[in-house]
Amino acid sequence: MLKEVLKHVKTVAIGGHVRPDGDCVGSCLGLYQYIKENYEEIQADVYLEDIPDSFHFIKAAKEIRHEVPDKKEYDLFIVLDCGDKERLGFSKALFEHAKETFCVDHHIRDRKSVV
């Protein structure tokens, strides 16, 4: 499935919910590292609020972006561990301007809140 989602994508943003916890940080950074290592042709960026110090041991933690660059548009925005675009916080703007979006979330949610 991921291979299909990434087909023809040159840029991808990855984001999760506000106040990121272990599920959010681990899934976002894991996917980021996977894309960087297996899809060298894709420019990937991960956007999260400040993460707890206990997660800074993760290799890619230092590459997390905490601000949205002006006028940045991605081919794809992948939302992990979050089913409500309002909970994306500062990265909501990137989600709304992305050409395509893809959400992977394990939380039970009201259909009205689905991104």
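Residues numbered from 1 in each chain as written. Predicted model: local features only at pLDDT ≥ 70, side-chain atom pairs only at ≥ 80, totals over all residues. Heavy atoms only, no water.

## Quick notes on the pattern of salt bridges
- With the rule as written, the count across this model stands at 7 salt bridges.
- The partner of Lys 7 in a salt bridge is Glu 4, and the shortest N-O contact between them spans 3.8 Å.
- Glu 96 is the partner of Lys 92 in a salt bridge, and the nearest nitrogen-oxygen pair spans 3.9 Å. On the criterion of helical spacing, the pair formed by Lys 92 and Glu 96 is a turn pair, its members being 4 residues apart in helix H3 (residues 92-97).
- Through salt bridges with shared partners, a single ionic network connects Lys 85, Glu 86, Lys 92 and Glu 96. (Salt bridge = Lys/Arg side-chain N within 4 Å of Asp/Glu carboxyl O. Helix = DSSP H or I, 4+ residues; strand = E, 2+ residues; numbered from the N terminus.)

## With respect to the nonpolar core
- Counting 26 residues, the largest nonpolar core has Val 12, Ile 14, Leu 29, Ile 35, Val 46 and Leu 48 as the members making the most contacts within it.
- Within the residue set of this core, elements represented by two or more residues are strand E1 (11-15), helix H2 (22-38), strand E2 (43-47) and strand E3 (76-80).
- Among the elements that line this core, the one with the most residues is H2, at 7 residues.
- Ranked by size, the runner-up nonpolar core spans 10 residues in total, among them Tyr 47, Val 79, Cys 82 and Ala 98. (Core = buried A, V, L, I, M, F, W, Y, C linked by side-chain atoms within 4.5 Å. Buried < 20%, exposed > 50% of the residue type's maximum accessible area, 1.4 Å probe, protein only.)

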